[in-house]
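Each chain, letter by letter, is given below.
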Amino acid sequence: VKILFQPFMNKQMRSTRKMQLLAPEVEDLKRRYGNNQQKLSMETMKLYKEHGASPTAGCLPLLLQMPILIALFNAIRAYTPEDMSTFVAPLFGIDGSTIALADGTEVVLNLATASNQMPGLMGWVLPVLTGAATFLQQWLSTANRQDKQQRTMMIVMPLMFLWFARPFPALIAFYWIFYSLIGAAIMFPLMKYWEKKDRVQIEAARRAKEEE
């Protein structure tokens, strides 16, 4: 799935990086046209167009992933194998065994079990790994880590996914962890290449504007 969507993700990441690098120019436009919202919008879109950036570029990959995530979620909820041990080796205690919780209710630990149903620290292992994988992806995809807004997103997004992973089936967390790690491995060399290329292009455009 990751390889299938990678061309769309590349387009999204390329556009997002350019928008992040153009943040100083956007702030300058806000100072100049802050009292004229129509003019500000026109100049901002003109700036993005000149550098091949698009605020909507990130929507398509997310929309393409949604049906897969929904289908996976529904499939896991309906997953009732006869013998879990024949499908999955014991991992984090997710081996099909039945345990009794503190309130007396019994839970079958399998890939459809939500993390918050697992006892003790076991219930936090997958959510924490999900948050860590999301942070790695955010770290690699953030072009300007000095920007306050971008730094905030680097912290907020992993915490959100950590929290989302708690009530969701364990396999959703596994899917997102490995999806993020594969994405990070693909993105790392691309980001290094794009960082050098985009900075040269944007700096050249800044100098040209200053001279003009």
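Values in this document were obtained by computation on a predicted structure and should not be read as measured data.

(A) Structural view of the layout of surface pockets. Size it by volume and the second largest pocket reaches roughly 350 Å³. Only α2 (23-33), α3 (37-50) and α7 (170-211) provide two or more residues apiece to the lining of the second largest pocket. Considering each element in turn, the lining of the second largest pocket owes the most residues, six residues, to α2. Of the residues that constitute the lining of the second largest pocket, the class distribution is six nonpolar, one polar and nine charged.

(B) Structural context of the pattern of salt bridges. Evaluated as defined, the whole model comprises four salt bridges. Salt-bridge contacts for Glu27 lead to Lys30; the nearest nitrogen and oxygen are separated by 3.6 Å. Of this pair, Glu27 and Lys30 both sit in helix α2, three residues apart, which is roughly one turn of the helix. We classify Glu27 as partly exposed; its relative accessible area is 40%. Note that Arg32 is salt-bridged to Asp28, the shortest N-O span being 3.5 Å.

(C) Expanded view of α3. For α3, which comprises 14 residues, the first-to-last C-alpha distance of 20 Å matches the rise-based estimate of 20 Å (1.5 Å per residue) to within 8%. The set of residues buried in α3 consists of Leu40, Glu43, Thr44, Leu47 and Tyr48. Viewed along the axis of α3, the buried residues span an arc of 135°, placing them on a single side of the element. In α3, those exposed residues whose orientation departs by more than 90 degrees from the buried face are Gln38, Met42 and Lys49. Buried residues belonging to α3 abut α1 (2-21), α2 and α7. Gly52 sits one or two residues past α3 and shows a positive phi near 70°.

So, how was this worked out
- Residues numbered from 1 in each chain as written.
- Predicted model: local features only at pLDDT ≥ 70, side-chain atom pairs only at ≥ 80, totals over all residues.
- Heavy atoms only, no water.
- 1 Å grid on protein atoms, 1.4 Å probe; cavity = no way out; pocket = protein on both sides within 12 Å on 5 of 7 lines; lining within 4 Å.
- Points joined across faces, edges and corners; volume = space filled by probe spheres on them.
- Helix = DSSP H or I, 4+ residues; strand = E, 2+ residues; numbered from the N terminus.
- Nonpolar A, V, L, I, M, F, W, Y, C, P; charged D, E, K, R; others polar.
- Salt bridge = Lys/Arg side-chain N within 4 Å of Asp/Glu carboxyl O.
- Buried < 20%, exposed > 50% of the residue type's maximum accessible area, 1.4 Å probe, protein only.
- Expected span 1.5 Å × (residues − 1).
- Arc of directions from axis to C-beta.
- Contact = heavy atoms within 4.5 Å.

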